[in-house]
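Residue-level structure breakdown
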Amino acid sequence: MKPTGQLYHIVEAIVPLYVAMISAYISFKWLKIFTKEQCSGINKFVAKFSIPLLSFQVISNSNPYKMNFKLIAADSLQKILAFSLLAGVAKMTISRGRLKWVITGLSLSTLPNTLIIGIPLLRAMYGEEATTLLAQIVVLQSLIWYNLLLFLFELNVTKKPNLTPQDNPGNYHL
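Residues numbered from 1 in each chain as written. Predicted model: local features only at pLDDT ≥ 70, side-chain atom pairs only at ≥ 80, totals over all residues. Heavy atoms only, no water.

What to know about the overall build of the protein
- Summing up its helical and strand segments, the protein has six helices and zero strands in all.
- Secondary structure of the protein in N-to-C order comes out as α-α-α-α-α-α.
- Counting every position in the protein, which comprises 174 residues, the buried fraction comes to 25%.
- The long-range fraction of contacts in the protein, counting pairs at least 24 apart against all pairs at least 6 apart in sequence, stands at 72%.
- When the accessible area of the protein is evaluated, it comes to approximately 13,000 Å², of which 68% is carbon and sulfur surface. (Helix = DSSP H or I, 4+ residues; strand = E, 2+ residues; numbered from the N terminus. Buried < 20%, exposed > 50% of the residue type's maximum accessible area, 1.4 Å probe, protein only. Contact = heavy atoms within 4.5 Å. Areas by Shrake-Rupley, 256 points an atom, 1.4 Å probe, with all protein chains shown as cover.)

Following this line, the structure appears as structure tokens:
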């Protein structure tokens, strides 16, 4: 159990994040302050501007020559095991869209929200040493795992059946 002072720091790091998320949810669902188009614009701003800038700040502060190789090996092994398990389960149980389920499962199980929630939480719990370890995981995610997922998304698109002109009765341009 953590002493009360550390518990205060953990709550202090997490509460502002959850207050912002809950107030955004309430303002959209119940108070109807934002329209769907406005929420879509906010989501695009966060996805295309805020998160890349935060990722750049974390990545630029990490030293690639001082990476913890045990952490890299453990992270890689965890992702390889998750991919193998998800691929095996998808092959045995799902008849269509296997790769889509593998991509979704891999994203949810191995790419946690390390930037927004993970760094403040670990900084409050374990200090700056945990922040440097988490920054190394963010570097690996940005350089390796996101690119692998993009490759899997593109592979999934190429596996979809192509329509030939005979299959397109209205002669619409695809």
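Things to note about empty space enclosed by the protein
- Tallied over the full model, the rule gives one cavity of 30 Å³ or more.
- For the largest cavity, the calculated volume is near 40 Å³.
- Lining the largest cavity are Lys-79, Leu-106, Thr-110, Leu-111, Trp-145, Leu-148 and Leu-149.
- For the lining of the largest cavity, the element with the highest residue contribution is helix 6 (residues 128-158), accounting for three residues.
- Grouping the amino acids of the lining of the largest cavity by side-chain chemistry returns five nonpolar, one polar and one charged. (1 Å grid on protein atoms, 1.4 Å probe; cavity = no way out; pocket = protein on both sides within 12 Å on 5 of 7 lines; lining within 4 Å. Points joined across faces, edges and corners; volume = space filled by probe spheres on them. Nonpolar A, V, L, I, M, F, W, Y, C, P; charged D, E, K, R; others polar.)

Quick word on unusual backbone geometry
- One non-glycine residue, Lys-32, adopts positive backbone phi at about 55°.
- For Lys-32, a relative accessible area of 62% gives the class exposed.

Some details on the UniProt feature "transmembrane region" (unreviewed entry) in the protein
- Per the UniProt record, the feature "transmembrane region" (unreviewed entry) sits at residues 6-28, 101-121 and 133-153.
- Within residues 6-28, the helical portion is 100% and the strand portion 0%, while the C-alpha atoms at the span's ends are 34 Å from each other.
- Annotated as 86% helix and 0% strand, the span residues 101-121 places its first and last C-alpha atoms 30 Å apart. (UniProt positions renumbered as here; feature names shortened; annotations may be inferred.)

A short note on helix 3 (residues 69-93)
- Compared with an ideal rise of 1.5 Å per residue, which puts 25 residues at 36 Å, helix 3 spans 36 Å between its outermost C-alpha atoms and is within 8% of the ideal.
- Three or more residues of helix 3 are buried, namely Leu-71, Ile-72, Asp-75, Lys-79, Ala-82 and Ala-90.
- In this fold, the buried residues of helix 3 make contact with helix 4 (98-110) and helix 6. (Expected span 1.5 Å × (residues − 1).)

Considering the nonpolar core
- Met-67, Ile-72, Ala-82, Leu-99, Ile-103, Leu-106, Leu-111, Leu-140, Trp-145, Leu-149 and Leu-152 form the largest nonpolar core, which has eleven residues in total.
- Contributions of two or more residues to this core are made by helix 3, helix 4 and helix 6.
- For this core, the leading source of residues is helix 6, giving four residues.
- The residues touching Leu-106, leaving out its near neighbours within four places in the chain, are Lys-79, Ala-82, Phe-83, Leu-86, Leu-111, Leu-149 and Leu-152. (Core = buried A, V, L, I, M, F, W, Y, C linked by side-chain atoms within 4.5 Å.)

Brief notes about the side chain of Gln-136
- With respect to the secondary-structure elements, Gln-136 resides in helix 6.
- Those residues within four positions of Gln-136 in sequence are excluded, and the remaining contacts are Lys-66, Met-67, Asn-68 and Leu-71.

With respect to a nonpolar patch on the surface
- Together, Tyr-25, Trp-30, Leu-31, Ile-33, Phe-34, Ile-42, Phe-45, Val-46, Phe-49 and Leu-53 line one region of the surface with nonpolar side chains, adding up to about 1,000 Å² of accessible area.
- Of the residues forming the nonpolar patch, the biggest block, five residues, is contributed by helix 2 (residues 36-60). (Patch = residues over 30% accessible without salt bridge, like charges linked within 9 Å, V, L, I, M, F, W, Y side chains within 5 Å. Salt bridge = Lys/Arg side-chain N within 4 Å of Asp/Glu carboxyl O.)

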